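One-letter residues, chain by chain:
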Amino acid sequence: IEIENSRHTLDLLLDTVLEASPVSSRRDRNFIYALTHGTLRWRGRLDWILGRFSKRPIQQIDPIVRNILRLGLFQILFMDRVPDSAAVNTSVDLAKSGVGAKVTGFVNAVLRNAIRKRPSIQFPDPSIDPITALSVQLSFPPWLVKRWIERMGYDETNDMGTALNTIAPLTLRTNTLKIERPALLAEMEAADESLLPTPNSPWGLTFTSVNQPVMNLPGYDTGAFQVQDEAAQLATFLLDAHPGQQILDACAGLGGKTAHTAQQMKNTGHITAVDLQSNKLKRLEKEMQRLGIVNVSTKKIDLENDTETRDLGSFDRVLLDAPCSGLGVLRRHPDGKWRHNRRSLLDMARRQKLFLDHLAPLVKPDGVLVYIVCSNEPIENENVITHFLNKHPHFEISSALPYLPTIAPPIITAEGYFRTLVHRHNMDGFFAVRLKNRKARQS
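Residues numbered from 1 in each chain as written. Predicted model: local features only at pLDDT ≥ 70, side-chain atom pairs only at ≥ 80, totals over all residues. Heavy atoms only, no water.

Draft legend 1. Structural detail: the sheet that holds strand S2 (residues 194-197). Taken together, the 4 strands give an open sheet; going across it, the order is S2-S3-S1-S4, and neighbouring strands pair in antiparallel fashion. Among the strands making up the open sheet, the edge pair consists of S2 and strand S4 (225-227). Ignoring which end each strand starts from, the neighbouring axes of this sheet average 30° apart. Two elements, strand S1 (residues 171-174) and S4, share 3 bridges in a ladder whose sense is antiparallel. For leucine 172, the partnering residue across the bridge sits in S4 and is valine 227. Lying over the sheet, helix H13 (residues 256-264) contacts S1 and S4, oriented at roughly 30° with respect to S1. (Pairing = 2+ DSSP bridges. Helix = DSSP H or I, 4+ residues; strand = E, 2+ residues; numbered from the N terminus. Axes fitted to C-alpha atoms, helices over the stretch in contact; angles between N-to-C directions. Contact = heavy atoms within 4.5 Å.)

What follows is the structure in structure tokens.
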């Protein structure tokens, strides 16, 4: 229930709950993460199946009972190591303790009915209703499937949805202030970790399997790496940060791109990392200490407040990793597919445009503003940039291609945009653009 109603991410909520719980074994914690992520990933399909076996419409079922049914059905359909009887009994016990004995018969009947009739479940026919068929098959909201089919067609929507339902790999970025990638790879291999260099980013390593928590991996305590998907690594290259520059990292979050930028600057110059949330800035500061980064200072700023933003100063580079729908990273955050609708996308785009408007005056003449979102929706991509360029004609798109590793051309569009798609590039879905301020420097 808290996940459905909260604005916090699933991982943050799970970490908060588990920190306050008596669950201590790694095995139990991993099971809880797998069960929660999996149930949210397949919620749409689970609801459709539950609707076949419940006399009561799924949305009219008590929210707690509805989530218990989802958790139970996910174990029955997707978790081979959990016996059906155990899934049912646990669900009944949860219903009894969470709602009361009066609902236990209902929960028991629905789940046992699903077990008995599982082989005969009939899914929607794509030749009759492709939107509903893909929505149920892939477990995505119909409004989103409709958008994708209209933009990409049925087959590519199926490919992208399938890729977004896979579990994302763990990818690291080598902290070159401390160690080079070959040396870090050797340390990991010596600890019996299976990983490979990323094919596109020169600093990345991707695990084929992980034998222990990230914080226990070799090099974590010494700041040898940060967790960061390959697409996010590549997008940061667009900033083309140099030693000695003054850089603003707007919406810095937990500091993944902040630290990557500091690496590019050889730990010199200065990065001002701003965010609206003080707790994130505190975690960023601790992360910079772990990584040995000394050229970063933090400041709490509301980018919607033009006065606060204007007082930040002027910068050679401004990075806006803007708040967005996160629809390009659903394989990591499956709860995101149920958090958004058409209206929320419009609100995201409104804020993105406003942030860009407030940041544009901070970019020095000949300076660069980089806009990044982990979404492939045009309303958060090209539409935002078109609006910005119409309002700020002294900025122009500077092709991302010259600033990326030489293997990157397939992810650059004809307009010079950076775009990664999970089903094409095996990376998270990102959009980025490099905007140059053409105003002449005053002598």
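Draft legend 2. Summary view of helix H14 (residues 278-291). Look at H14: 20 Å from first C-alpha to last across 14 residues, which is about the 20 Å you get at 1.5 Å a residue. Within H14, the full set of buried residues consists of Leu281, Leu284, Glu287, Met288, Arg290 and Leu291. Residues of H14 that are buried in the fold lie against S4, H13, strand S6 (270-275) and strand S7 (296-300). Looking one or two residues past H14, glycine 292 carries a phi angle of roughly 75°, positive in sign. (Expected span 1.5 Å × (residues − 1). Buried < 20%, exposed > 50% of the residue type's maximum accessible area, 1.4 Å probe, protein only.)

Draft legend 3. Structural detail: the packing of aromatic side chains. Enumeration according to the criterion identifies 9 aromatic pairs in this entry. For the pair phenylalanine 74 and phenylalanine 78, a centre-to-centre distance of 5.0 Å together with 20° between the ring planes defines the contact as stacked. A residue pair is termed a helical-turn pair when its members lie 3 or 4 positions apart in one helix, as phenylalanine 74 and phenylalanine 78 do in helix H5 (residues 63-78) at 4 residues. Judged by relative accessible area, phenylalanine 74 falls into the buried class, the value being 7%. On the basis of relative accessible area, phenylalanine 78 is assigned to the partly exposed category, the value being 30%. (Phe/Tyr/Trp six-rings, centres within 6.5 Å; stacked < 30°, edge-to-face > 60°.)

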